[in-house]
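Examination of the molecular architecture
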Amino acid sequence: MSGPRADQPLRRVRLDALAFGGDYNPDQWSEETWHEDIRLMREAGVNMVSLPIFSWPQLEPEPGVYDWAWLDRIIDLLWDAGIAIDLATATATPPSWLLRAHPEMAPWDADGHRLEFGSRQTYCPSSPIWRENVARMARAMAERYGEHPGLAMWHISNEYGDHTSRCWCPESARHFRRWLQERYGDLDGLNEAWGVNVWGQRYTSWEHIETPKRAPGPVNPTKLLDFERFSSDALLELFQIEIDVLREVTPDIAVTTNFMSMFRDLDYWDFAAVEDVVTDDAYPDPADPTSHVGAALNYGLMRALKDGQPWLLLESSASATSWRDVNVPKAPGKIRVESLQAVAHGSDAVMFFQWRQAKYGQEKFHSSMLGHRGERSRSFRETKALGLELQKLEAVRGTRVRSRVGLVVDWDSWWGSSAAESLPSQRLQWAQQARAWHRALYALGQPVDAVRAAGPFDRYDVVVVPNLYIAEQEHADALAAFVERGGHLVVGPFSGVVDATEKVHDGGAPGPLRTLLGIEVDEQWPLADGETEQIAYAGETLTVPSWSEWIEADDDVQVRGTYASGELAGLPAVTCRPVGRGSAWYVSAMIDHDGMLPLFRDVLRTAGLPARDHVDLDVEVVTRADDTTDYTFYLNHGRAPVAVELPGPGFDLLTGARHSDRLDLDRYGVAVLASPRADTIPTATPIPVKEDA
Ligand code: GAL
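Keep in mind it's a predicted model, so treat the numbers as computed, not measured. (Residues numbered from 1 in each chain as written. Predicted model: local features only at pLDDT ≥ 70, side-chain atom pairs only at ≥ 80, totals over all residues. Heavy atoms only, no water.)

On to the overall build of the protein. Counting its secondary structure elements, the protein contains 17 helices and 29 strands. Taking the principal axes of its C-alpha atoms as reference, the protein extends roughly 75 × 75 × 45 Å. Out of the 693 residues belonging to the protein, those deemed buried represent 61%. Within the protein, residue pairs in contact and separated by at least 24 positions form 73% of the contacts whose partners lie at least 6 positions apart. Of the roughly 26000 Å² that the protein leaves accessible, carbon and sulfur atoms contribute 49%. Within the protein, one finds 66 positive and 103 negative side-chain charges whose respective centroids are separated by 5 Å. (Helix = DSSP H or I, 4+ residues; strand = E, 2+ residues; numbered from the N terminus. Buried < 20%, exposed > 50% of the residue type's maximum accessible area, 1.4 Å probe, protein only. Contact = heavy atoms within 4.5 Å. Areas by Shrake-Rupley, 256 points an atom, 1.4 Å probe, with all protein chains shown as cover. Lys, Arg positive; Asp, Glu negative; His and termini not counted. Charge placed at Lys NZ, Arg CZ, Asp CG, Glu CD.)

Written out as structure tokens, the structure reads:
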């Protein structure tokens, strides 16, 4: 593959403002409506729209016959009104004629059924026909619009893997074999990597290797893991094909594809490395009163994917979605606080799916900036107010989020510990564990960045590894170097278990992390469903809901927590190995949220970072900064007003008011205080009295 690499200079999005707007589907509306759209977009401060994402059939109604006229017209109209275009290559979904002519390009499911036309993303990522056509369409778009002054950036495909992230068809099988040949060289290499002597799995010909379709019993776990890796790579190749074409025709235009937050199926570290700017689609569930906590981790990943650079929130919902079983609307004010949360976490954009609510089709009940009642709809009132308010935050554009805590996000461990069917327990899930640990750090008031398992860790004081099932020596070396430099590391259960081919490390867990942590795992000890155990930790009792381990600690290791019930009573549960000014902790159990608080509080304070005593998940404080100024976002995600004690005075960019020691935030209230850049990251103490709503 050729194309942009992480070490090449990145192209900038051609828009000199925080982006505000949404997906726009003019081909669902009359030209008369377009004029109204543009009038209202201007009124709301819209400066960028994404189109024509799903319009290939409207642009090429028959093979080789293009109809550009409508797109030419709307792009010109938008640009005349000062609205830039996040221009999609229109390759998110194939036209029916292409699929009819080449039925073999349809994806297959794990039971070997071909999926039909009638929705979107009906393609096999490995299909040569699809790849050829995608390159052709991207070239046609680039040649047609590459010089257009309104072109802000390229939007390649749409949410890769949303519907088709894995394909089990014969073409995918051929591609899988090529991928395996590249990885393992020859069949002996593959047989050795997959540990084929278990259950008689030896392969004597590449042709015998199929995609891992449903089998009579549990499938070889390394085969499953490789299929996850391969499938992510197959979509990455597809992405790269379009990038290469666009680079060739429009070398100065930034490229992106929109991500789906912390999405299991694609290794976004790899995807981000080949694009110019990270963009994300975020849909926190309004039915979940703490969905903003999960969003904070998703955004911590988005900014980390390109080394702390600002990213763009490319899609969000103005109110309800339509793809959940129950689609709860966003209460008044929630659009604002959720959107500004993304900005707080490094987004230089607030964009929605979509501009005008559809009248027909699969998404007609999905909210939009302009609801079915047009400019009289609440969503329009609220998004318009937001668009105008965003203009007051221009100073934060390009600034970076300040964070001293990194959380290791590792797709290999995610896949390895979730694809396999034979594990000590299915109750310890990578994503759940990562979210639980993040939630505790969030509760203590720390913004958290995602970080790769091999680092770099230099900008952090604390690194947490909720789970690193697959650990290699390079991970252990990078983590050890971090601790030796004075960093504080916390490693979670079921880490360092296997290598990259899923072979258990000699001597068992934590494998390459053994010296660093100073412990050995004798046996994983998952709890039966419904059972809980306890850990005695610094005078507190922590609850263990589903996973514990029999561990033994070296003499120089401090036992900070001890199992206090069950078969493991009296054995170490939480350990800390001091290393110079740093420390390496091991937490052998899954511990519930309340239990993680005292533990992480200790770690943070040992590292010299503040940790809240009074926990209020509704109150979030995040700082973006340039060299001279801190822009601290104070967000109230709750329905009741709150007050916080400020670390120092600042001016609210949104209201112009000056606040010195106390800040009152209404229901879903937000303030963005500018103050001279402080040595330490500004934090705030929530005042633990909630006034009545
Ligand atoms: C996204 C997708 C959009 C729209 C939206 C609805 O996943 O990119 O096209 O379907 O969801 O929430």
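There is more to say, and it comes next.
We now examine the packing of aromatic side chains. Using the criterion set out here, one finds 30 aromatic pairs in the structure. Taking the centre distance of 5.9 Å and the plane angle of 15° together, the rings of Phe239 and Phe271 count as stacked. Pair noted here: Phe239 is in helix H8 (residues 221-249) and Phe271 is in helix H9 (residues 268-274), with a separation of 32 residues, a long-range link. Among the residues examined, Phe239 registers a relative accessible area of 0% and is labelled buried. Through pairs of rings, three or more aromatic residues link up here, namely Tyr160, Phe239, Phe259, Phe263, Tyr268, Phe271, Trp411, Trp414 and Trp430. (Phe/Tyr/Trp six-rings, centres within 6.5 Å; stacked < 30°, edge-to-face > 60°.)

Under the local residue numbering, the UniProt record ascribes the feature "domain: Beta-galactosidase trimerisation" (unreviewed entry) to residues 404-609. The span residues 404-609 is 26% helical and 30% strand by assignment, and the distance between its end C-alpha atoms comes to 8 Å. (UniProt positions renumbered as here; feature names shortened; annotations may be inferred.)

A separate point is the pattern of salt bridges. Inspection of every chain in the model, using the stated rule, returns 47 salt bridges. Measuring nitrogen to oxygen at the nearest pair gives 2.5 Å for the salt bridge that ties Asp72 to Arg144. You can see Asp72 sitting in helix H3 (residues 69-80) and its partner Arg144 sitting in helix H5 (residues 128-145), a full 72 residues away along the chain. Accessibility expressed as a relative area gives 41% for Arg144, which makes it partly exposed. With its nearest N and O atoms 3.5 Å apart, the salt bridge here joins Arg120 to Asp162. Here Arg120 is found in the loop between helix H4 (96-101) and H5, whereas its partner Asp162 is found in the loop between strand E4 (151-155) and helix H6 (170-184), with 42 residues between them in sequence. (Salt bridge = Lys/Arg side-chain N within 4 Å of Asp/Glu carboxyl O.)

What follows deals with the pairing of strand E17 (residues 540-544). Pairing of strand E16 (residues 533-537) with E17 involves five bridges; the strand directions are antiparallel. Bridge pairing in E17 places Ile535 opposite Leu542. Taking the residues between adjacent antiparallel strands as the criterion, E16 and E17 are bridged by two residues, where Ala538 takes a positive phi near 45°. (Pairing = 2+ DSSP bridges.)

UniProt's entry tags residues 23-393 with the feature "domain: Glycoside hydrolase family 42 N-terminal" (unreviewed entry), counted in the numbering of this structure. A distance of 22 Å separates the end C-alpha atoms of residues 23-393, which is 41% helix and 9% strand.

Another point: the domain arrangement of the protein. Domains assigned within the protein are domain 1 (52-275), domain 2 (277-396), domain 3 (405-606) and domain 4 (619-690). Centre-to-centre separation of domain 1 and domain 2, based on C-alpha positions: 26 Å. Contacts between the two partners involve 21 residues from domain 1 and, on the opposite side, 18 residues from domain 2. Approximately 1500 Å² of surface area, both sides summed, lies buried where domain 1 meets domain 2, with 57% of it carried by carbon and sulfur atoms. (Domains from an automatic or database assignment. Buried area = accessible area lost by both parts, 1.4 Å probe.)

Next up on the list: the sheet that holds strand E3 (residues 84-88). What the nine strands build is an open sheet, ordered E5-E4-E3-E2-E1-E9-E8-E7-E6; its pairing is parallel. Two strands bound the open sheet, and with one partner strand each, they are strand E5 (255-256) and strand E6 (258-259). When E3 meets E4, the two strands line up parallel, connected through four bridges. Looking at the pairing, Leu87 lines up with Trp154 of E4. Contacts from helix H10 (residues 291-305) reach E6, strand E7 (279-281) and strand E8 (311-315), with the element oriented near 130° to E8. (Axes fitted to C-alpha atoms, helices over the stretch in contact; angles between N-to-C directions.)

Along the chain, the position of Leu390 falls in helix H12 (residues 378-390). Between the C-alpha atom of Leu390 and that of Leu340, which follows or precedes it by 50 residues, the distance is 8.5 Å.

Turning to the confidence of the model for the protein, a few remarks are in order. The predicted model of the protein has a mean per-residue pLDDT of 96, with 98% of residues at 70 or higher. No element of the protein has a lower mean pLDDT than strand E29 (residues 685-687), at 87, and none a higher one than strand E14 (residues 488-491), at 99. (pLDDT = per-residue confidence, 0-100.)

Turning our attention to helix H15 (residues 473-484). One turn of the α-helix equals 3.6 residues, which is why residues spaced by three or four share an orientation. An ideal rise of 1.5 Å per residue puts 16 Å on 12 residues; H15 measures up with 16 Å between its terminal C-alpha atoms. Inspection of H15 places His475, Ala476, Ala478, Leu479, Ala480, Phe482 and Val483 among the buried residues, and these make up the whole buried set. Those residues of H15 that are buried are in contact with strand E13 (462-465), E14, helix H16 (514-517), strand E20 (572-579) and strand E21 (582-587). Count one or two residues on from H15 and you reach Gly486, which has phi positive near 105°. (Expected span 1.5 Å × (residues − 1).)

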